[in-house]
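For reference, the chains in residue letters:
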Amino acid sequence: MSRTSKPDAIIVGSGAGGGTAASALTKRGWNVVVLEKGPNRPADEFVPYDELHFQDHKALRPAKQSDPMVYVHPDGKKEETVERWWIGNMVGGSTMLWEANLPRYTDEDFQVLEILKEPPPDTSMVNWPWRYLDFKRYFEQAEREWGVSGLANQWPPPYQELTGFDELTGRPYEYPMPPIRPHASTPFLTDAFAKAGMHPYLSPRGINSRTYNGRPGCPFCGYCQGYGCAVNDRASSTNTVLARALESGRCDLRPNQYVTRILFDKNRVRGVEYIDTQDSAQPKILESSRVIVSIQAIESARLFLLSGIPDPNKMVGKYLTYHTKGSAELIFKNTQVWDEGPDRKYQPRTSLGSLQLRDLYAINDASTYLTKGGKFSIYDPFTIYPVIRLLWGTKLWGKALQDRMLELREYGGVSFSFTGETMSMDTNRVELDSSRLDPWGLPVARVYYRHHQYDLDLSRYALDKVIDVMTNAGGELRAISPQTIENTGYGHNHGTLRCGNDPGTSVLGPDCQSWTVKGLYVVDAAWMPTAGASNPGLTTIANAYRVCDQMN
Amino acid sequence: MWKLVVPESGFFTPLERAQVGAMFKVLVPADRHRGIPGANDALAIQFLDNLLAMGSDVYVEIPEWRELYRETLPKLEETAFKVYARALVELSDRQMVEFLQYMQAGLLPSLDVVLQKQLFTALHRHCLQGCFADPRWGGNRDRIMWRWLGYLQPPEEFS
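These notes cover the structure that comes with them. The model shown is predicted, which means the values in this text are computed figures rather than measured ones.

Procedures and definitions
Residues numbered from 1 in each chain as written. Chains lettered and ligands numbered in written order. Predicted model: local features only at pLDDT ≥ 70, side-chain atom pairs only at ≥ 80, totals over all residues. Heavy atoms only, no water. Helix = DSSP H or I, 4+ residues; strand = E, 2+ residues; numbered from the N terminus. Rg over C-alpha atoms; globule rule 2.2 N^0.38 Å. Buried < 20%, exposed > 50% of the residue type's maximum accessible area, 1.4 Å probe, protein only. Contact = heavy atoms within 4.5 Å. Areas by Shrake-Rupley, 256 points an atom, 1.4 Å probe, with all protein chains shown as cover. Lys, Arg positive; Asp, Glu negative; His and termini not counted. Charge placed at Lys NZ, Arg CZ, Asp CG, Glu CD. Buried area = accessible area lost by both parts, 1.4 Å probe. Salt bridge = Lys/Arg side-chain N within 4 Å of Asp/Glu carboxyl O. Axes fitted to C-alpha atoms, helices over the stretch in contact; angles between N-to-C directions. Parallel < 35°, antiparallel > 145°, perpendicular 65-115°, else oblique. Nonpolar A, V, L, I, M, F, W, Y, C, P; charged D, E, K, R; others polar. Core = buried A, V, L, I, M, F, W, Y, C linked by side-chain atoms within 4.5 Å. Left-handed = near helix turned anticlockwise from the far one by under 90°. Pairing = 2+ DSSP bridges.

As a further point, take the overall build of chain A. From N to C terminus, chain A includes 11 helices and 18 strands. Whereas a compact globule of 552 residues would reach a radius of gyration of roughly 24 Å, chain A reaches 23 Å, a difference of no more than 12%. Dimensions of chain A, computed from C-alpha atoms along their principal axes, come out at roughly 70 × 55 × 50 Å. Considering chain A as a whole, with its 552 residues, one finds that 63% of them fall into the buried category. In chain A, 75% of the contacts between residues at least 6 apart in sequence involve partners at least 24 apart. Carbon together with sulfur atoms contributes 49% to the accessible area of chain A, which is approximately 19,600 Å² in total. Where the 60 positive side-chain charges of chain A centre and where its 63 negative ones centre are 3 Å apart.

Counting residues at the interface gives 32 residues for chain A and 41 residues for chain B. Of the roughly 3,500 Å² buried between chain A and chain B, counting both surfaces, carbon and sulfur atoms make up 64%. Linking chain A to chain B there are four salt bridges. Linking B:R125 and A:D56 is a salt bridge whose minimum nitrogen-to-oxygen distance equals 3.2 Å.

Let us look at the packing of helix α4 (residues 132-146) of chain A against helix α11 (residues 537-550) of chain A. Residues and elements named next belong to chain A. The geometry of α4 relative to α11 is characterised by a closest axis approach of 8 Å and an angle of 110 degrees between their N-to-C directions. The orientation of α4 relative to α11 falls into the category roughly perpendicular. In this structure, α4 contributes F135, R137, Y138, F139, Q141, A142, E143, E145 and W146 to the contact, and α11 contributes L538, T539, I541, A542, N543, Y545, R546, D549 and Q550. When grouped by side-chain class, the residues that make up the contact of α4 with α11 number nine nonpolar, four polar and five charged.

Quick look at the nonpolar core now. Membership of the largest hydrophobic core comes to 82 residues, with the highest contact counts inside it found for A:V272, A:I292, A:F304, A:L520 and A:W527. Element by element, the count of residues in this core is highest for α11(A), at seven residues. Each residue touching A:F304, except ones within four places of it in the same chain, is listed here: A:I262, A:I309, A:V316, A:L497, A:V507, A:L508, A:L520 and A:V522. Ranked by size, the runner-up nonpolar core spans 75 residues in total, among them A:F54, A:M96, B:F99 and B:L111.

Let us look at the side chain of A:T240. Mapping A:T240 onto the fold places it in the loop between β5 (201-202) and α6 (241-247). For A:T240, the residues in contact, after removing those within four places along its chain, are A:E145, A:W146, A:R215 and A:A235.

All names here are of chain A. Looking at the secondary structure, you find S236 in the loop between β5 and α6. On the accessibility criterion, S236 (3% relative accessible area) is buried. Remark: the alpha-carbon pair of S236 and S149, spanning 87 residues in sequence, is separated by 14 Å.

This part is about unusual backbone geometry. A:P48 follows A:V47 through a cis peptide bond whose omega is 0 degrees. With respect to the helices and strands, A:P48 occurs in the loop between β2 (32-35) and α2 (51-56). In the Ramachandran plot, A:Y319 falls in the positive-phi region, its phi being about 60 degrees despite a non-glycine side chain. The phi angle at B:L152 is positive, at roughly 70 degrees, despite the residue not being glycine. Locating B:L152 in the fold gives a position in the segment after α7 (144-149).

Residue and element names in this part refer to chain B. Contact geometry of helix α4 (residues 62-84) with helix α5 (residues 93-105) gives a least axis separation of 12 Å together with a crossing angle of 120 degrees. Classified by the angle their axes make, α4 and α5 are oblique. Seen from above, α4 lies across α5 with right-handed handedness. In contact with L76, T79, A80 and Y84 of α4, α5 contributes Q95, E98, F99 and M103. Its residues assigned to classes, the contact of α4 with α5 shows five nonpolar, two polar and one charged.

All right, on to the sheet that holds strand β3 (residues 69-72) of chain A then. All names here are of chain A. Ordered by their spatial adjacency, four strands build an open sheet running β4-β3-β16-β15, and the pairing between neighbours is mixed. Lying at the two open borders of the sheet, with one neighbouring strand each, are β4 (79-82) and β15 (429-437). Going from strand to strand, the sheet's axes swing by 35 degrees on average, the running direction of each strand aside. When β3 meets β4, the two strands line up antiparallel, connected through four bridges. Paired with V72 across the bridge in β4 is E79. Lying on the sheet, helix α7 (residues 297-307) is in contact with β3, β15 and β16 (443-448); it crosses β15 at an angle near 70 degrees.

Rendered as structure tokens:
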């Protein structure tokens, strides 16, 4: 599309939210300009696959030394600069580097107070303005248009709808593709959890299990999260929605353009001020009656603060949530190392892992005060990450390292990663740090964060549950890392620009439009009133479709 | 496509190279009896010698590492003489394990606590990288560690 002087909408950021908005709005016949801070990186730039270059030497991350954020510890005094490893400053944003773990949020997330009946008094837990069914068609649209592989209806009643049971027709929903080939540990783990009445299930992934929409099936290269997908089997904004927006001829994508300010007149958005990062001489201005921001929650809050967006309730930047995390690793000396097997029925050793475990999403256990829980992603210790990270993570050397290397070579293992509900607190917040400037002279984000005791207890509880089941199956615990009170930053960041039905208690309305500046929308996860307890990617994308559907 | 250019000559002096090599040998030791290859087999020291000769365009921390090794290796040598009455490269495996345990805990005498812990972390990490990074960086010779561990292919035996 030729350079547009006044588009129907300016989209800031080209990742999960921005790319989706570009696709949805161009489909409606609108002309959009997408301003992306980072460069265009074709798949060729993601090879050779090299752990040292991309992981240890952080080739694709904003440098901590020059472009960090500041983390303030729970004591309010100690602070440190932090690498923002979750930011993918490139066309496609962090969808170029994600694991594409794409579950749907469900009513346990949308209506958290139905489960969390007595939230701790010093928290701010709220229900979202919708229920799961309001989002369902947008989830389906997201799965179709981004290309999600998976299998619906894997659970016993009443949970089928969580993976897409169609309650109107009574028929199981079908994902666009079957799930990726199972990991060799799947039967063993499924049996072990079944004995405890739990139901792990094959994960929905934005990863092709076979050729879909012209992109190939996953070859299980072993370089997934944190690496670019040179094969393009892993869905990204660039190889799905953004590609379609560009094909429409109505999307003007401009890489290397850093939006520094949202412009508005009284209560109406006017456009944006931005810098060309390759030629940062003079700020430029682009006008439009709609500006859609999608640059991840911390950065979106920072942009609101830099722009002085009217904030009568003093809420901008507050209620930042990361997910409650926790991990554990076990080895099973009663198994052999997981492998694809002679008939290649399973994934090879260096691959994704398959299973998710949601049985602790809602906790019904008289022995604990915890009620809203979370979900596990289940991996092989070899999974996703190449070897340096695997062995560095053990912190072992000498004979102890040899013993561990032998175990990893000989026996099957399992690694659990928890994503749990997180207590929202107004003290967890984003401010501007005027003492530290980014490479373009603007204050970096200053983030205050401490996990609530509920989060810490939840992480420990959930880890203990799965470790119990696994040790009963012959597992020996090798590492455990429950959530700590500090959190220097995480890829799942949400909530800094809360949406809600009441202008007195939210920054955005239910249409994700600013209450104070009309025409200003946010479609990254900053709108999420609470964290929910799953990977937020699909829900972010579904919401972008919903917002663009209703935008006028 | 990103291309690695390996420098023609390394960073270390022969003595520094021998000293770091002696520590690497104990950090990722070989075990002939159990058939496990180690840092010496992988030529992990070659990896670090190459890496430190590269610039900050390859990775921003490289200049700091250069300084760290150059400044602390003579101090380690002094400490080895004080404690064991012999040069670092002449410590027995058992003495070197003890020496590294002290360094990890920041307990080596007459050496700054933070500095020695920092050095241990760098040595440990660089040794693992020298063993398990892609061979294009100069270590993991002939993919020896990957082949033994079964990374990207079924495991092989070594004697």
